[in-house]
Amino acid sequence: MAGSGYTDLREKLKSMMPYRDGHKGGGGGGLPREPPEPPYERKRRHQEDSGSEPSDYEEQKEEEEARKVKSGIRQLRLFSAEECAKIEARIEDVVSRAEKGLYKEHTVDRAPLRNKYFFGEGYTYGSQLQRRGPGQERLYPRGEVDAIPEWVHDLVIRKLVEHRVIPEGFVNSAVINDYQPGGCIVSHVDPIHIFERPIVSVSFFSDSALCFGCKFQFKPIRVSEPVLFLPVKRGSVTVLSGYAADEITHCIRPQDIKERRAVIILRKTRLDAPRLETKSLSSSVLPPGYNSDRLSGNNRDQILKPKRSHRKADPDAAHRPRILEMDKEENRRSVLLPKHRRRSNFSSENYWRRSYEYTEDCEDEEEDGSPARKVKMRRH
């Protein structure tokens, strides 16, 4: 023993297995065990340390996935700088009217670093429902949001019809997403049981990007590498259908919003889309003996929680270092997708847990004090 520099066998064993220190929290006075790294982080770090590259099979699989995504994407540059400036001035008018409280309650949905304005049709999602998850979204009762502004028809939709991007009369839902630098929207699929395809979006104010197949993690916020990174220019039109719209999630990462950016999303709701037939109610104020059958379809107990649509965002939120507000949007893969179009391994994807305590900017997302939840995400 003395020759090897150890006077006690236990010291030698300990030096050979340092990872066992603190394995059983508090035992032996060792350091507390660090939480395990996420699998994709561990894999990435191992590749960086060892210099190993993905296998040919993995690269081929990723390339095939990217090809499938590209097959469902169409992009056009339709709007000139002058046309963009005119539309952007109209978007500023929408923001101004919302600040003055001139819109209906469910037209406006505010969050730090991201505001949404629903026109024509609005729908519930995220923390607005007591029962959450894919397929639980519901359209609001008719008339609960403001009509699509005339300028959207005249300046945006008409040009899309003229260039045969969409047919006449296709759009009955327009949403304006207004992002501040560092804003984002987490990985999701637009609800298949709510909206027809294609999904059309037009970008304004600045260039950005749309990413497919990312996975978000929080505390701190991290986003995995995308299957496909799609640059989106100011004035460009992006059309999603097929695989890109239904079979893989898309998102906007915080690092891709470097300047203010707005996008107008134009969609058509399905004729059989489930719709709430009651006003927005909190379960805490339901009258005794309320019959949940008043909700259409499978909407039993789908009562809305109080919205925060007229709460103003913290003006300093955009300037706090790395404090980001995650959009309440979740993975919207519908359970109603026809069987022949489902991927066999979708139901076996890993879950990740999202806690709403990771940043003070998210306090209004969990006003009801509900616990953290599991969200099914696609793994790529």
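Structure first, text after, so check above.
I will try to describe carefully the structure that is included in this document.

How each quantity is defined
Residues numbered from 1 in each chain as written. Predicted model: local features only at pLDDT ≥ 70, side-chain atom pairs only at ≥ 80, totals over all residues. Heavy atoms only, no water. Patch = residues over 30% accessible without salt bridge, like charges linked within 9 Å, V, L, I, M, F, W, Y side chains within 5 Å. Areas by Shrake-Rupley, 256 points an atom, 1.4 Å probe, with all protein chains shown as cover. Salt bridge = Lys/Arg side-chain N within 4 Å of Asp/Glu carboxyl O. Lys, Arg positive; Asp, Glu negative; His and termini not counted. Charge placed at Lys NZ, Arg CZ, Asp CG, Glu CD. Helix = DSSP H or I, 4+ residues; strand = E, 2+ residues; numbered from the N terminus. Buried < 20%, exposed > 50% of the residue type's maximum accessible area, 1.4 Å probe, protein only. Disulfide = S-S within 2.5 Å. Axes fitted to C-alpha atoms, helices over the stretch in contact; angles between N-to-C directions. Parallel < 35°, antiparallel > 145°, perpendicular 65-115°, else oblique. Left-handed = near helix turned anticlockwise from the far one by under 90°. Contact = heavy atoms within 4.5 Å. Nonpolar A, V, L, I, M, F, W, Y, C, P; charged D, E, K, R; others polar. 1 Å grid on protein atoms, 1.4 Å probe; cavity = no way out; pocket = protein on both sides within 12 Å on 5 of 7 lines; lining within 4 Å. Points joined across faces, edges and corners; volume = space filled by probe spheres on them. Pairing = 2+ DSSP bridges. Phe/Tyr/Trp six-rings, centres within 6.5 Å; stacked < 30°, edge-to-face > 60°. Lys NZ or Arg CZ within 6 Å of the ring centre and 35° of its normal. Expected span 1.5 Å × (residues − 1). Arc of directions from axis to C-beta.

This paragraph deals with a negative patch on the surface. On the surface, Asp56, Glu59, Glu62 and Glu63 cluster together into a patch of negative charge. Mapping Asp56 onto the fold places it in helix H3 (residues 56-71). A relative accessible area of 64% places Asp56 in the exposed class.

What the rule picks out here adds up to zero disulfides. Not part of a disulfide, Cys211 finds its nearest cysteine sulfur in Cys214, a span of 4.6 Å.

Moving on, we come to the packing of helix H4 (residues 81-99) against helix H5 (residues 150-162). Where H4 meets H5, the closest approach of the two axes is 11 Å, and the angle between their N-to-C directions is 140°. Regarding the angle of H4 to H5, the classification is oblique. Judged by the sense of rotation from one axis to the other, the crossing of H4 with H5 is left-handed. Between H4, through Glu83, Lys86, Ile87, Arg90, Ile91 and Val94, and H5, the contact on the second element is made entirely by Trp151, Leu155, Val156 and Lys159. Taken together, the residues that form the contact of H4 with H5 break down as six nonpolar, no polar and four charged.

Summed over all chains, the structure comprises four cavities of 30 Å³ or more. Looking at the largest cavity, it is lined by 22 residues, and the ones nearest its centre are His188, Ser201, Leu210, His250 and Ile265. Those elements that place two or more of their residues in the lining of the largest cavity are strand S3 (114-119), strand S4 (173-179), strand S5 (185-188), strand S6 (199-204), strand S11 (236-240), strand S12 (250-252) and strand S13 (261-267). Here the lining of the largest cavity takes four residues from S13, the largest share from any one element. Across the lining of the largest cavity, the residue classes tally to twelve nonpolar, five polar and five charged.

Time to look at the sheet that holds S3. Each strand in a sheet pairs with another by means of backbone hydrogen bonds, the pair being arranged parallel or else antiparallel. The strand order S1-S11-S6-S13-S4-S3-S2 describes an open sheet built from seven strands, whose pairing is antiparallel. Strands with a single pairing partner mark the edges of an open sheet, and in this sheet they are strand S1 (73-77) and strand S2 (108-111). Pairwise comparison of adjacent strand axes, ignoring direction, gives a mean angle of 15° for this sheet. Relative to S11, S6 runs antiparallel, the two being bridged by four bridges. The residue of S11 that forms the bridge with Val200 is Val239.

The next point concerns the packing of aromatic side chains. As enumerated under the stated definition, the model contains six aromatic pairs in all. Ring centres 6.1 Å apart and planes at 65° place the aromatic pair Phe79 and Phe204 in the edge-to-face group. Taken as a pair, Phe79 in the loop between S1 and H4 and Phe204 in strand S6 lie far apart in primary sequence, 125 residues in all. Ring centres 5.3 Å apart and planes at 80° place the aromatic pair Tyr123 and Phe195 in the edge-to-face group. Pair noted here: Tyr123 is in the loop between S3 and H5 and Phe195 is in the loop between S5 and S6, with a separation of 72 residues, a long-range link. The class of Tyr123 is buried, set by a relative accessible area of 3%. Owing to a relative accessible area of 2%, Phe195 belongs among the buried residues under this scheme. Joined through ring pairs, the aromatic side chains of Phe118, Tyr123, Tyr125 and Phe195 make up one cluster. The ring of Phe79 is capped by Lys159, whose NZ or CZ atom sits 5.4 Å from the centre of that ring. Arg260 extends its terminal NZ or CZ atom over the ring of Phe205, reaching a point 4.1 Å from the ring centre.

Let us look at the sheet that holds S5. What the four strands build is an open sheet, ordered S5-S12-S7-S10; its pairing is antiparallel. The sheet terminates laterally at S5 and strand S10 (228-232), the two strands that pair on one side only. The sheet shows a mean angle of 20° between the axes of neighbouring strands, taken without regard to direction. Of the strand pairs in this sheet, strand S7 (residues 208-212) and S12 are connected by two bridges, and their pairing is antiparallel. The residue of S12 that forms the bridge with Phe212 is His250.

Here H4 is 19 residues long and its end C-alpha atoms lie 27 Å apart, about the 27 Å a rise of 1.5 Å per residue gives. Restricting attention to buried positions, one finds in H4 the residues Cys84, Ile87, Glu88, Ile91, Val94, Val95 and Ala98. Across the axial projection of H4, the buried residues extend over an arc of 105°, all falling on one side. Exposed residues on H4 whose side chains face more than 90 degrees from its buried face are Glu82 and Lys86. Following H4 by one or two positions, Gly101 adopts a phi angle in the positive range, close to 75°.

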